[in-house]
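# Reading the structure
What follows is each chain in one-letter form.
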Amino acid sequence: MKVFNYAIAGDPVQVKVPEDAHDLRAFRYWFEGANRRGPIGLDTETTGLDIYAPGYRLRTVQFGDRDTGWVLPWELGGHFVEAARWALTHGAKFQIHNAPFDWAVLDRHASGGGCDASIEAMAPKTIDTRLKAGLVDPRQPQEGGRGTALKPLMSYYVDPNAADTQGDLTAVFRSLKLTKATGWAGIDLWHPTYLLYAGLDPIFAARLDTCLDSELSNLGVRARLIEYEHDIARICAIMQRTGMVLDVPYTERLDAQLAEEAAVFEAKALRYGVSNVNAPAQLRAALQGMGEEWAPDERTATGALKVDKAVLHRFADLDFQTGQRLNKRRPNPLAEAIIKSKRAGKWRSAYTQTFLETMDSEGRCHSFINSMQARTGRMSITRPALQTLPSGDHIIRRALMAEEGHVIISTDFAAVELRVLAALADVKRMKEAIRAGEDLHSFTARMVFGEGFTPKHRKISKGIAFGKVYGGGAATISRQTGAPEADVRTAMAAYDRVYPEIKRMSSRWQREAYETGMVHVSVTGRRLPLDRERTYAVVNYACQSAARDCLGQSLINLENAGMLPHLRLPIHDEVLASAPEAEARDIARQIQECMTFDLFGVPIEAEAEVGKRSWGSLYGADV
């Protein structure tokens, strides 16, 4: 038995690593006692992050309480695997930090030999300390929060030195000429720093859980909200496990095409003296040499001329959103080459290459769905980052498919943020328009500009509406709509007269935040910390958070209706599904019904669209 002594906040703890059958009997004796006393910390060490990629390995499984951690070397097989599976089967309750990752690992690599380590089996007996931490404070460190990573949370709540093991292990990786990406697979299984790091994590989770329970109780966070977040995390983990079919031949062709496109436009940029399209100083100098002029507001905080997407698109005479020609000026060929080269490079690294690198042996992609990521609780999808696909473009989406004989269904909420705003602020005229089935932006334009409103007026009204939700001011709305800022300000004043409840509610929420430590509590009980210099963002946070919880409740409704096997991804306010072509219309209708309900007298409605086999078919692809 290898034994490592350590101290957490002055308390002696031990990490034990069994080396033979005798040691494993000691582990079983400890586990039986710990299991009777309460939840047990659980963690895994693996070869990296791409759980479903061929060659991925589970290296160790760790269990622990407040004082003792056990590292079972799964990689050695035999009795070690048998002991880990026995513990996973008999454990009554586990504390895991970032449970969806370990659920997926155990589901994929630990089930078997009489052990059901599936997501369905493990989730009901899991406490996720990461979810709890996010309900205490959802902000990341760069936003002034504590973050949701295990070591920094332990440093904050338990022991300032808790993060040292992470730094020690990173130093070991460097000494072995391994990177953070390759270190997990390359480090020797018996390296003492690796084993100590692994064995401390379940102890950390056990200790952190106690601290978070105390915080949540003191803050009055509802137990039902904690259960709700665990339910959503489980549903998202099952969707992640299912994944989406990748059209591999198409993706490989597209990857080659993008590589060629990037090279062509890099060569074109080189003709204008730019050897690196990602070097701002080179771009700036070359564009200045071509006679380009910058607007007064097109400078960085340090005073340097901007060469960001907005500036380059203006020089190239391209629409920032669609990439279409504007015909407002003579296009700058260098700016256009830089845009196209960067786009091709980004699409390769973020999408086609990641699709091919992370797909499983059956040609499926399994993006990680973080069910509670942003400050407002909104979800994110990473590796591949399918929430950041080019809007309105089918090229990347065409690579992702429904199953053979199935078609893609997309079901999207209808103007959910504005409906949530109408519900939360009790905006009477807006609620009447929604219930009457009117186009909300046209209704607003008519109220603000009169019966003779124009499409331009509707665009301004739409910009103001989303400005209210997302916190955009007159200058931002002016840039987005192309309307003079003075006209926008006049329209915003008229908007406030039409919908006075919004401004009143914003003022009330901001006033309450000052009285409650700069925290707004959402309609579902979620704590939303505000920045003192941006209290006006409370409307944005409240609406986005409630809209996210409309999506979360919809996922629960869909599972209850038996739709979970069809679900593939939650994308912003949209749910993507796959269904047999013959049943697609009926399934689309059921999904739509599950995403339609009442929120304080405002109908939250969804609309389903049935495509062909590829996701891209909903955006114009012919397959």
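As a reminder, the structure under discussion sits directly above these lines.
Residues numbered from 1 in each chain as written. Predicted model: local features only at pLDDT ≥ 70, side-chain atom pairs only at ≥ 80, totals over all residues. Heavy atoms only, no water.

### Focus on the overall build of the chain
Along the chain, the regular secondary structure elements total 23 helices and 20 strands. Rg of the C-alpha trace for the chain: 27 Å, near the compact-globule value of 25 Å for 623 residues, within the 12% margin. Here the C-alpha coordinates of the chain stretch approximately 85 × 60 × 55 Å along the principal axes. When burial is assessed residue by residue, the chain has 55% of its 623 residues classed as buried. Expressed as a percentage of contacts within the chain between residues at least 6 apart in sequence, the contacts between residues at least 24 apart total 66%. Looking at the chain as shown, the accessible area adds up to about 26800 Å², and 50% of this sits on carbon and sulfur atoms. (Helix = DSSP H or I, 4+ residues; strand = E, 2+ residues; numbered from the N terminus. Rg over C-alpha atoms; globule rule 2.2 N^0.38 Å. Buried < 20%, exposed > 50% of the residue type's maximum accessible area, 1.4 Å probe, protein only. Contact = heavy atoms within 4.5 Å. Areas by Shrake-Rupley, 256 points an atom, 1.4 Å probe, with all protein chains shown as cover.)

### Remarks on the pattern of salt bridges
Counted according to the given criterion, the structure contains 49 salt bridges. Its salt-bridge partner being R329, residue E292 comes within 2.7 Å of it at the nearest N-O pair. With E292 in the loop between α12 (280-289) and α13 (309-316) and R329 in the loop between α13 and α14 (333-358), the pair connects residues that are 37 residues apart, well separated along the chain. For R329, a relative accessible area of 30% corresponds to the partly exposed category. (Salt bridge = Lys/Arg side-chain N within 4 Å of Asp/Glu carboxyl O.)

### Some thoughts on the nonpolar core
Counting 179 residues, the largest nonpolar core has F63, V420 and L555 as the members making the most contacts within it. At twelve residues, the largest contribution of residues to this core is made by helix α22 (residues 538-560). L283, V311, A335 and I338 belong to the second largest nonpolar core, which has 18 residues in total. (Core = buried A, V, L, I, M, F, W, Y, C linked by side-chain atoms within 4.5 Å.)

### A word on the pairing of strand β4 (residues 58-64)
In summary, the side chains of a regular strand alternate between the two faces of the sheet. Extensive coverage of β4 is indicated by the burial of seven of its seven residues. Sheet topology note: the strand β3 (residues 40-46)/β4 ladder contains six bridges and is antiparallel. Among the inter-strand pairings, E45 is bridged to a residue of β4, identified as T60. Relative to strand β5 (residues 68-72), β4 runs antiparallel, the two sharing four bridges. Each residue of the ladder has a partner; that of G64, found in β5, is G69. Hairpin connection of β4 to β5: three residues between the antiparallel strands. (Pairing = 2+ DSSP bridges.)

### Brief notes about unusual backbone geometry
Residue P384 is bonded to the preceding R383 through a cis peptide linkage, with omega at -5°. Tracing the backbone through its elements, the reader meets P384 in the loop between β11 (380-382) and β12 (400-401). Positive phi, close to 60°, is recorded for K177, a residue that is not glycine. Inspection of the secondary structure assignment puts K177 in the loop between α7 (164-175) and α8 (180-186). Classification of K177 by relative accessible area gives exposed; the value is 78%. One non-glycine residue, M518, adopts positive backbone phi at about 60°.

### Considerations on the sheet that holds β5
On the basis of which strands lie adjacent, the open sheet formed by seven strands has the order β1-β2-β5-β4-β3-β6-β7 and mixed pairing. Sheet topology places β1 (2-8) and β7 (126-128) at the edges, where each strand pairs with a single neighbour. The sheet shows a mean angle of 25° between the axes of neighbouring strands, taken without regard to direction. (Axes fitted to C-alpha atoms, helices over the stretch in contact; angles between N-to-C directions.)

### Considerations on the packing of helix α1 (residues 21-37) against helix α2 (residues 78-90)
Contact geometry for α1 and α2: axes closest at 11 Å, N-to-C directions at 10°. As the angle between them shows, α1 and α2 are arranged roughly parallel. Residue-level contacts link L24, F27, R28, F31, E32 and N35 of α1 to H79, F80, E82, A83, W86, A87 and H90 of α2. Per-class residue counts for the contact of α1 with α2 are seven nonpolar, three polar and three charged. (Parallel < 35°, antiparallel > 145°, perpendicular 65-115°, else oblique. Nonpolar A, V, L, I, M, F, W, Y, C, P; charged D, E, K, R; others polar.)

### Section: the sheet that holds strand β9 (residues 364-365)
Spatial ordering of the open sheet is given by β9-β8-β12, a layout of three strands whose pairing is antiparallel. Since the sheet does not close on itself, it has two edges, and those belong to β9 and β12, each with one partner. Here strand β8 (residues 244-246) pairs with β9 via two bridges, running antiparallel. Each bridged residue has a counterpart across the sheet, and for M244 the counterpart in β9 is C365.

### A look at the environment of L334
Summarising the element assignment, L334 is placed in helix α14. Judged by relative accessible area, which is 0%, L334 ranks as buried. It is 53 Å that separates the C-alpha atoms of L334 and A205, two residues lying 129 residues apart in sequence. In this view, L334 contacts A269, Y272, V274, A286, L287 and M290; residues no more than four positions away in its chain are not counted.

### Describing α1
Compared with an ideal rise of 1.5 Å per residue, which puts 17 residues at 24 Å, α1 spans 25 Å between its outermost C-alpha atoms and is within 8% of the ideal. Among the residues of α1, D23, L24, F27, W30, F31, G33, A34 and N35 are the ones counted as buried. At its buried positions, α1 is contacted by β3, β4, β5, α2 and β6 (94-96). You can read the cap of α1 off the contacts: a side-chain oxygen lies 3.2 Å from the backbone nitrogen of H22, and it is on D20. (Expected span 1.5 Å × (residues − 1). Polar contact = N/O pair within 3.5 Å; in protein donor to acceptor, adjacent residues only side chain to side chain.)

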